[in-house]
Amino acid sequence: MSTEDRPPAPRSLAEALRARGDASLGALLRSRPDLITPVPTDLTQLATRAGTRASVVRALERLDRFALQTAEALAVAADPATYDELLGLMAGDDADPAVVAALPHALDLLREQALVWGDDDRLRLVRTARELLAPSPQHPSPTGLGPTVQEATAGMSPGRIQEIVTTAGLASTHDSVSAVGALTGLFTDRARMAALLAKAPADSLDVLERLVWGPPYGQVTADPAPRLRWLLDRGLLLPTAPGTVVLPREVALHLRRGLAHRTPEPVPPVVEAAAVHRPQVVDSTAAGQAYTALATVEELLKDWDEGGPAVLRAGGLSVRDLKRTAVALDLPEPTAAFWVELAYAAGLLASDGEADERYAATPAYDEWLEQPAAERWSMLVTAWLAATRTAGLVGGRDAKDRTLSALGPGLDRSAAPEVRRRVLALLAGLPEGAAPATGSVLARLRWERPLRGDRREDDLRGRLAEWALSEAELLGVTGRGALSSQGRALLGAPVPPAPAPEAEPSGPGDKLPVHHHRSAPPAALSPAEQAVASAAAARLLAPMLPEPLDHVLLQADLTAVAPGPLKRPLADMLGVLADVESKGGATVYRFTPGSVRRALDAGQAASDLHAFLAAHSRTPVPQPLAYLIDDVARRHGHLRVGAASAYVRCDDDAVLSEILADKRAAGLGLRRLAPTVLAARSDPAGLLEGLRAMGFAPAAESAEGDVLITRALAHRTPPRAAPEPVPDGPPVPDDTLLSAALRAVRAGDLASTTPRKSGSAPAANGELPRTGAAETLATMQAAVLTGEALWIGFVNAEGAASQRVIAPIRVEGGFVTAYDHTADEVRTFPLHRITGVAELADDAG
């Protein structure tokens, strides 16, 4: 393109945005969705919003390390800078080939994000980004560079500047500006600077070597040592305050051979494999973990069936209750906290909202139990991927030094979903069956988000990544540290075909290439896309989960062995009739008088229990177990406890006499009302427990005298919705919203930039035009006849003012019907809401 044909260089960010196409503007709004919340009226307002501090900080936080280094280099370059100047700062005098190859992409990314604008011969970093990244005594630059010679000598006396120029071997000048320019020219001339430094004492060069990579500031006394005096006299060190000197930026760049950063990082760190397993081993291990995850959640909520732990006044689970839960699940407390939080995030657990508030399962838990195992797993991992509540923080302290409790406030971290997805995506980039080295994953994440990973002392992003790796293993998304087939499907990634069973693991030389893109990581799937991916993951997992069994093995020692997972009705009934003694590949249940009585209390008769065991046992029912059931059933319900305050009745008065004579009954406050009835001071529940502790098997009865049957799964919360994740900024706009926003911004920009006729007297400073009602009506009617477009100011029913370009079609009944360029449609405007009108110039586009 010739110089004459080249479009004029933009003079502002707004002009640079105006020159972009819709695809480029759409990419900007996708990467910085805060810019259209709400939709700006025109491109000038969009540019203003893109330069606000909050928006720029958010955009800088999402840059990878090399793009951020590029922005930091522009912050210490001239304003504006040329591409060659930027390349020199990034690649140095040696022109590192990797930097030379990567810099155009990094610069394109900064332009796309509207952090840099202008052509390659006039690159400008937006002012707010320059203020944030440029070096200052209060905020040192990550480059380690100090101020320029011009900035460092701003308060220096003209005489002292002339002395420095003369001592440095330059001719004296008539003014300070030219003297500073001459000194700057010396420091930026490689040959003359090399000659000057060749004359420097060795210990003076040592001082420069200590300051060259930053921090560039040092302390001196009132009488500097000779090695410092030599540097000060020649301006190689400049005073900035009493007792403080600084290494000028130009001197440091010469010593660094032009590099703004000690170690430019154009290529992301490779995620290394710590071990490689056969894919079948990974999938089977992950499937086993998935089954364990389902069993753990079921055991947790079953333990809370009749009302779980109390809710703390400030919300959450007490430390004591978390310890009890961990003991019941036979897990460490941090792991137990993870399962509790996961059940809460999936909507299976909530507080019941009663006066004595407690945690319990929700009605959604019963629906979840009825689903196939693979679908139950899919629901859990989908909730985990999207959850912002972070179980790893449990036990830590918040900003007010309060303990963070499980299910309590303060556990949301909006970055958690993005980190989980990114960690899994990095695992998906490894060869099948490869487990990553944790350190290499963390290094990659720090490269991708350096501001979020390095600026905080506790490196939350790194901790989130470590928790994501361990939680993915607990859930069966990974197996032996490697991403499973169902894990790949969960991300929406294609699953490679399974290799032959006899295939050997890949060696180090057979690794697949790792994805090295420097753009932002892919956004999370939409809800519809995630539902499809989760269903695909469930289909892959289903064949690998063990089939539920419909039988157990009864043994003579009053135990039953379940050689695998049991079908739901069998598992539920056996859980009432027996106590779990041990878990593992096979579950061992033990029958006790208490467990048999529990089944009888639930409405089962002895004959029902005998039939149940006979139908579901692959071995004959042992005689000791049959005797145990008959013995407990014989005594069950012989005593009846009801409400008087409480009473005991029994047809056998000898049994009541035995109870009265027992010293253990003293605390129950019993007295005989009739030969077959005892009254008690304690309540019915306490009386039941007391008599059972004495070895009796009483049954509760209603006011009508019927036996009360206690059902399992009695306590549920009212319907509860799962907690909503806390968003990490505004959501990324979908295609429909993006198209509408672009159309509105373009139309608003047209309205604000279209030339007006000189005689139409629009309002000054680009404000809405102001005309009287009669003039507005007359101008509208004339435009209908001539077919001309008009610029109007309009106030809608909510009181929001806007400017529009319209082409009037008809005026009648106090309304004007016109084609609205803003909405790209024909609309009707009430005339009384039009604040003014102006005619457009004849050559308006």
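Conventions we followed
- Residues numbered from 1 in each chain as written.
- Predicted model: local features only at pLDDT ≥ 70, side-chain atom pairs only at ≥ 80, totals over all residues.
- Heavy atoms only, no water.
- pLDDT = per-residue confidence, 0-100.
- Contact = heavy atoms within 4.5 Å.
- Salt bridge = Lys/Arg side-chain N within 4 Å of Asp/Glu carboxyl O.
- Buried < 20%, exposed > 50% of the residue type's maximum accessible area, 1.4 Å probe, protein only.
- 1 Å grid on protein atoms, 1.4 Å probe; cavity = no way out; pocket = protein on both sides within 12 Å on 5 of 7 lines; lining within 4 Å.
- Points joined across faces, edges and corners; volume = space filled by probe spheres on them.
- Helix = DSSP H or I, 4+ residues; strand = E, 2+ residues; numbered from the N terminus.
- Nonpolar A, V, L, I, M, F, W, Y, C, P; charged D, E, K, R; others polar.
- Pairing = 2+ DSSP bridges.

## Considering the confidence of the model for the chain
Right, so step 1: Scored by pLDDT, the chain comes out at a mean of 85, with 89% of its residues at no less than 70.
Right, so step 2: Predicted confidence is poor over residues 499–521, with pLDDT under 50, and the contacts of this stretch with residues over four places away or in other chains come to 40 contacts.
Right, so step 3: Scored below 50 in pLDDT, residues 759–766 makes 9 contacts in the model with residues more than four places away or belonging to other chains.

## Quick notes on the pattern of salt bridges
Right, so step 1: Tallied over the full model, the rule gives 39 salt bridges.
Right, so step 2: As a salt-bridge pair, R192 and D189 come within 3.4 Å of each other at their nearest N and O atoms.
Right, so step 3: Since its relative accessible area comes to 38%, R192 is described here as partly exposed.
Right, so step 4: For D189, a relative accessible area of 28% translates into the label partly exposed.
Right, so step 5: Salt bridges linked by common partners bring R160, E163, R229 and D233 together as one network.

## A word on empty space enclosed by the protein
Right, so step 1: Enumeration over the complete set of coordinates arrives at 4 cavities of 30 Å³ or more.
Right, so step 2: In this structure, the second largest cavity encloses a volume near 70 Å³.
Right, so step 3: What lines the second largest cavity is F338, E341, L342, A345, W384, A387, R389, A391, R420 and E471.
Right, so step 4: Broken down by element, the lining of the second largest cavity gets its largest block of residues, 4 residues, from helix α18 (residues 333–345).
Right, so step 5: Grouping the amino acids of the lining of the second largest cavity by side-chain chemistry returns 6 nonpolar, no polar and 4 charged.

## Topic: the pairing of strand β23 (residues 815–820)
Right, so step 1: As judged from the 6 bridges shared by strand β22 (residues 801–812) and β23, these two strands associate in the antiparallel manner. The partner of V811 across the bridge, within β23, is V816.
Right, so step 2: Once β22 ends, the chain turns through 2 residues before running back antiparallel as β23, passing G813 with a positive phi of about 60°.
Right, so step 3: Bridging between β23 and strand β24 (residues 825–830) involves 6 bridges; their strand directions are antiparallel. Each residue of the ladder has a partner; that of Y819, found in β24, is V826.

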